[in-house]
Amino acid sequence: MMTETSSSQQEPVHVATEEVTDAKVAEAVGSAEPAAVEPSAGAEEPDQRTASRLKQIVVISLMVILLIATVFVVALNPPSGSQPVSRASEAQFSLGRKVMLLAPGNTEAAQLLRYAPFLEGMQPVRYKLYIQENNRYDKGNPVRTEFRADVIIRHGIPGNPRSIYISLDEKSVDIHVYDGETERVIADLGTMFNGIILESRLDSVSGMSRFVPNVEINPQIGRVLYILSDVLRYAWTGLPEQAVGVGGGWQVLDDTNEAAGETVRVIAALKPEFVEMKLEHLTRKMIDGEGNAVLRFLRKNAQDSYEGQYVGEFKGQLRTTLDHGAEGKGTHELAFSLRFGQWEVPKEG
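This text gives an overview of the structure that appears in the document. Quick caveat, the model's predicted, so the values are computed rather than measured.

About the cut-offs
- Residues numbered from 1 in each chain as written.
- Predicted model: local features only at pLDDT ≥ 70, side-chain atom pairs only at ≥ 80, totals over all residues.
- Heavy atoms only, no water.
- Helix = DSSP H or I, 4+ residues; strand = E, 2+ residues; numbered from the N terminus.
- Buried < 20%, exposed > 50% of the residue type's maximum accessible area, 1.4 Å probe, protein only.
- Areas by Shrake-Rupley, 256 points an atom, 1.4 Å probe, with all protein chains shown as cover.
- Polar contact = N/O pair within 3.5 Å; in protein donor to acceptor, adjacent residues only side chain to side chain.
- Core = buried A, V, L, I, M, F, W, Y, C linked by side-chain atoms within 4.5 Å.
- Contact = heavy atoms within 4.5 Å.
- Pairing = 2+ DSSP bridges.
- 1 Å grid on protein atoms, 1.4 Å probe; cavity = no way out; pocket = protein on both sides within 12 Å on 5 of 7 lines; lining within 4 Å.
- Points joined across faces, edges and corners; volume = space filled by probe spheres on them.
- Nonpolar A, V, L, I, M, F, W, Y, C, P; charged D, E, K, R; others polar.

**Looking at the overall build of the chain**
A tally of regular secondary structure across the chain gives three helices and 15 strands. A total of 349 residues make up the chain; the buried ones form 38% of that total. Within the structure as shown, the chain displays about 19600 Å² of accessible surface, and the carbon and sulfur contribution to it stands at 54%.

**Structural notes on the side chain of Arg-201**
As for its position among the elements, Arg-201 is in strand β7 (residues 197–203). For Arg-201, the side chain forms a polar contact with the side chain of Glu-199, separated by 3.2 Å.

**So, the environment of Phe-274**
You can see Phe-274 is positioned in the loop between β11 (262–270) and β12 (275–283). Counting along the chain gives 20 residues from Phe-274 to Val-294, while the straight-line C-alpha distance between them is 6.7 Å.

**Quick word on the nonpolar core**
Core analysis: the biggest nonpolar cluster contains 55 residues, and Trp-236 and Phe-314 have the highest contact counts within it. Among the elements that make up this core, the one with the highest residue count is helix α3 (residues 219–235) (eight residues). Sequence-distant contacts of Trp-236, that is, excluding residues within four places in its chain, are made with Arg-97, Tyr-115, Phe-118, Tyr-127, Ile-153, Leu-202, Ser-206, Gly-207, Met-208, Val-311 and Leu-338.

**A few points about the pairing of strand β2 (residues 125–137)**
Bridge analysis of β2 against strand β3 (residues 143–155) gives eleven bridges, and the strand direction is antiparallel. Counterpart to Ile-131 in the pairing with β3 is Phe-147. Where β2 and strand β15 (residues 329–342) come together, twelve bridges link them in antiparallel fashion. Each residue of the ladder has a partner; that of Asn-134, found in β15, is Glu-333.

**As for the layout of surface pockets**
Estimated volume of the largest pocket: approximately 740 Å³. Lining the largest pocket are 29 residues, with Tyr-226, Asp-230, Glu-262, His-281 and Leu-318 positioned closest to its centre. Secondary structure elements with two or more residues in the lining of the largest pocket: β2, α3, β11, β12, β14 (311–323) and β15. Of all the elements, α3 adds the most residues to the lining of the largest pocket, at seven residues. Of the residues in the lining of the largest pocket, the class split is 13 nonpolar, eight polar and eight charged.

Fair warning: the whole summary comes from geometry, so function is off the table for now.
Shown next as structure tokens:
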């Protein structure tokens, strides 16, 4: 359910230069006064010196023309990693969410909840992500994974207001894997995320779509990005079309992976300062995992709790029972925290 670290968009380079023509070459050659040289047996004749000077000017002119051509090629076709290329069709960014208002809450102060888009020209937004995953089996040692990284979100495809790119700052990636009490060191793991950009869609009501990576990824990295995408998708969960006030709530049924028999149900309740969420993971319509989460929006002031509709914090935990085959059944626990780390307003002009 994935797809687009942090790649910065390369600014076009403009080179001011004067056009080189045959007339100017001839003018330069004709205006060049040969220096006075004492005659000697090895000295060049005047015609030879003129021919040599002409060759030099032609070579320099060709170099300038090639430089200009290179600049324009780079400006029009940035190098790999400077501007991601979409590898997915719109059909791959499925939302698969059904939202139903359960209670309107305080109707006198009800408001429409809407996510603000990541606009073109806006500086990237940086979030601090922490995930702890525990797997316990009937047989064998428990396995614990701790993951920390900076998540960078920015506008995606030019001209598409819903398109977003998500990447990890590879310098911030910190992963520890423990098999029982023994830590399994993974060398150079941060560099494995370099150049990987997840592409997604952010709808003001439906929230965040599934993710599609812009490059081929190995299974281990894919597993981490799968968990990352789950956390992000439910930080931008579905919102009700209707206005809702404090005390109200709604249900989100996500059947994006229904073909695999998997759905997720979210019951959200609007509190004075946050959204309280109950999570249920269902396999073939049977609940096999439950959890809780809290979603906070950035605030402008105490009277306007949801100004801007930018996610400020999302944290919670999920506990699931899984069948690991030969290793037996076990419990899977996931604790997560996504916190806003930096915000910059769009550049003016």
